[in-house]
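Structural characterization, general
This is what each chain is made of:
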Amino acid sequence: MAAAVRRVVRASRAWSAALRAREAPGAQTLRLIYTTTTVQKRNVAALGPEKYTEAFIKNQIEEFNLGKRHLANMMGEDPETFTQEDIDKAIAYLFPSGLFEKRARPIMKEIYGKLLDIQKYQDHLRAQGLLAENRKKINLIGSRWLIKEELEDMLVEKLSDHDYSTCIQLLERLVTLPCCGIEEEYVLKFRRELAIQLKKMVIEPLQYDEQGVAFSTGEGKRKTSRATAVVYDHGSGKITVNGVDYLCYFPVMQDREQLMFPFQFLDRLGIHDMVCTVSGGGRSSQAGAIRLASARALCSFISENEVEFMRQAGLLTPDPRIKERKKPGQEGARRKFTWKKR
Amino acid sequence: MAAPMAGRLAALGRRLAAPARAWLPGLTQVRWSRYGPSYLEPVVNKEVNRKPLEELSEEEKTQQELKALHPIKATASNVTSSVFSDPTISKFTNMMMKGGNKVLARSIVTQTLEGIKRKQLEKYYQASEEERESIECNPYIIFHQALKNCQPVIGIYNIQKGGKTYQVPSPLKDNRKRFLAMKWLITECREHKHHRTFMHEKLSQELLQAFNNEGPVIKRKHDMHKMAEANRAYAHYRWW
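Residues numbered from 1 in each chain as written. Chains lettered and ligands numbered in written order. Predicted model: local features only at pLDDT ≥ 70, side-chain atom pairs only at ≥ 80, totals over all residues. Heavy atoms only, no water.

A look at the overall build of chain A
Helices and strands together make up the secondary structure of chain A, namely 11 helices and 8 strands. Residue burial in chain A is summarised as follows: out of 342 residues, 38% are buried. The long-range fraction of contacts in chain A, counting pairs at least 24 apart against all pairs at least 6 apart in sequence, stands at 70%. Per element, the accessible surface of chain A, about 21,200 Å² overall, is 54% carbon and sulfur. (Helix = DSSP H or I, 4+ residues; strand = E, 2+ residues; numbered from the N terminus. Buried < 20%, exposed > 50% of the residue type's maximum accessible area, 1.4 Å probe, protein only. Contact = heavy atoms within 4.5 Å. Areas by Shrake-Rupley, 256 points an atom, 1.4 Å probe, with all protein chains shown as cover.)

Details of the sheet that holds strand β3 (residues 207–208) of chain A
Residues and elements named next belong to chain A. Judged by pairing direction, the sheet is mixed, and its 6 strands sit side by side in the order β3-β4-β5-β8-β6-β7 without closing on themselves. Since the sheet does not close on itself, it has two edges, and those belong to β3 and β7 (244–245), each with one partner. Of the strands in this sheet, β4 (214–222), β5 (225–232), β6 (239–241) and β8 (273–279) are in contact with helix α10 (residues 283–298), which crosses β4 at around 140°. (Pairing = 2+ DSSP bridges. Axes fitted to C-alpha atoms, helices over the stretch in contact; angles between N-to-C directions.)

Remarks on a nonpolar patch on the surface
All names here are of chain A. On the surface, Y52, I57 and I61 cluster together to form a nonpolar patch covering roughly 310 Å² of accessible area. Here I61 is to be found in helix α2 (residues 54–75). A relative accessible area of 46% means that I61 is categorised as partly exposed. (Patch = residues over 30% accessible without salt bridge, like charges linked within 9 Å, V, L, I, M, F, W, Y side chains within 5 Å. Salt bridge = Lys/Arg side-chain N within 4 Å of Asp/Glu carboxyl O.)

As for the nonpolar core
Counting 32 residues, the largest nonpolar core has A:M274, A:I290 and A:M310 as its most contacted members. Where this core is concerned, the elements lending two or more residues are β5, β6, α9 (253–265), β8, α10 and α11 (304–312) of chain A. With 7 residues, the top contributor of residues to this core is α10(A). Ignoring anything within four residues of it in the chain, the contact list for A:I290 reads A:A227, A:V241, A:F250, A:L259, A:M274, A:C276 and A:V278. Listed in part, the 31 residues of the second largest apolar core include B:F92, B:I108, B:V109 and B:A210. (Core = buried A, V, L, I, M, F, W, Y, C linked by side-chain atoms within 4.5 Å.)

Let's talk about the side chain of A:S285
Residues and elements named next belong to chain A. By the secondary structure assignment, S285 is in helix α10. One polar contact links the side chain of S285 to the main-chain amide nitrogen of G282, over a distance of 3.0 Å. Ignoring sequence-local partners within four residues, the contact set of S285 consists of R222, K223 and S225. (Polar contact = N/O pair within 3.5 Å; in protein donor to acceptor, adjacent residues only side chain to side chain.)

Focus on the environment of B:Y35
Secondary-structure assignment places B:Y35 in the loop between α1 (2–14) and α2 (47–50). For the pair formed by B:Y35 and B:F211, sequence separation is 176 residues and the distance between their alpha carbons is 41 Å. Beyond its immediate chain neighbours, meaning those up to four positions away, B:Y35 contacts A:D319, A:P320, B:K73 and B:A74. A polar side-chain atom of B:Y35 sits 3.3 Å from a polar atom in the side chain of A:D319.

With respect to the UniProt feature "domain: Small ribosomal subunit protein uS7" (unreviewed entry) in chain B
Feature annotation in UniProt places "domain: Small ribosomal subunit protein uS7" (unreviewed entry) on residues 78–232 of chain B, given in this structure's numbering. Here residues 78–232 of chain B is 63% helix and 10% strand, with 42 Å between the C-alpha atoms at its ends. (UniProt positions renumbered as here; feature names shortened; annotations may be inferred.)

A few points about the pattern of salt bridges
Counted under the stated rule, the structure contains 22 salt bridges over all chains. A salt bridge links A:E324 to A:K327, with the shortest nitrogen-to-oxygen separation between them at 2.7 Å. According to the relative accessible area criterion, A:E324 is partly exposed, its value standing at 36%. One salt bridge connects B:E41 with B:K73, and the closest N-O pair in it is separated by 2.8 Å.

Considering the side chain of A:Q330
Residues and elements named next belong to chain A. Relative to the helices and strands, Q330 is located in the segment after α11. Overall, Q330 belongs to the buried group, its relative accessible area being 16%. In this view, Q330 contacts R335, K336 and F337; residues no more than four positions away in its chain are not counted.

In structure tokens form, the structure reads like this:
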């Protein structure tokens, strides 16, 4: 609404949106481990002086006209015949202290009002001595706060990042109060359901070969290694890697432990046979790739609960860690050149 | 409205760049982590899954619901669900490792445990019936007990105040205690070892001594305690 007035709107640089699609668990977990210094601040000097291009001016005029129509709608006047004096009168009516009075800025009065209501209710209960029994908390598990885009859609106005984070902070504060249950439906308007992670996984059905033995294939990767594993039923725990026995291919105990891990976790060590092919990477990453492939193949043999247990043990996530790139001006990814005083 | 929104969410969710936002509720911020902020740590213990639904407390139920909704990180390559994988031993192996040579470090540690077992068994067979009960033969138990005996209770921090550096005594966190115990053990074995003795021999010797609350590592722990006691006067310089 304020943008509709003759004010030059600065295009605010959007922050890195990598955090948008996140899910917030219940209000208990507020663990800030590190505050990054790589925040994209608005480098005003780098932008250069404000450039009044044709497109920019046209944009501003369009926004102004749109805002004028909104204002006319609000005042109940006809948008077509809304003159400049009408605009001035409307602004004087809506903002008695003027547009730029700092103390008259709207600061999420609705949410703050709810917070004050809850506090008043709590004080009321405390005065009667009934606070301990009447605690009503909102269940926040299974939902996340709205992201900035969703909140902008809901309020039909543009928000800055600071406004958004203040709004979420206020909502979090509201949720920590013991009697917040009375405003539950209002708070739930700002939450979205989270999908259950297990449903996102696709489990292949079992296949049967000529002898009638059930088998299943899985693919896995780790760093630059790629592996495919075929797990057969009714076996004796034999594992063949690239045509070679696993004892010869992986002389190191740690790699063999990794191969055994999914089977040992499900207590199916001597039941299955495995034939796998792997290429790329070193010995540890090849072992990790085969582990992922065999875990995925095993999903077809077991129940859904066990798949969920495997997922929670970290067996079904592909490890996203890769070799970090070397940066210019440094010797390696992290190592800097030797510092010389002169 | 729903389709473009879902598309936008998916596009934003696909970005792997490090987060640029300072704070948001309920999320652990980590710099340069390839995992997103909502990934939880994996739990490898098999027994956790065996418990039936009724035995779980309220907190565990909420934890379970939380886990069902969040993605989980991949387990590290030195962790398995077998009874033989021990987090303390893994940490010790990593601290022993030089230049990424995990194979060598792990072989030293296994030989150490074997050495401990052999020495204890020798003592066991030579001892009389009454003494046999008191001799501990499990190398893992000896290892854990020895490390516990080496852990200092209070530590020293260097605080600069008014141009002078004071040694201020302060209680230590658990992680720091464990780290110091392992570090002292390893440095002691590396420095005060005859160049003809093997590392695993020296280590097993030191571990058995530490198990009996004697030896140079225990002495170092006591020295640290004495220093802390001597610098008691500066304890009020601590602000944390």
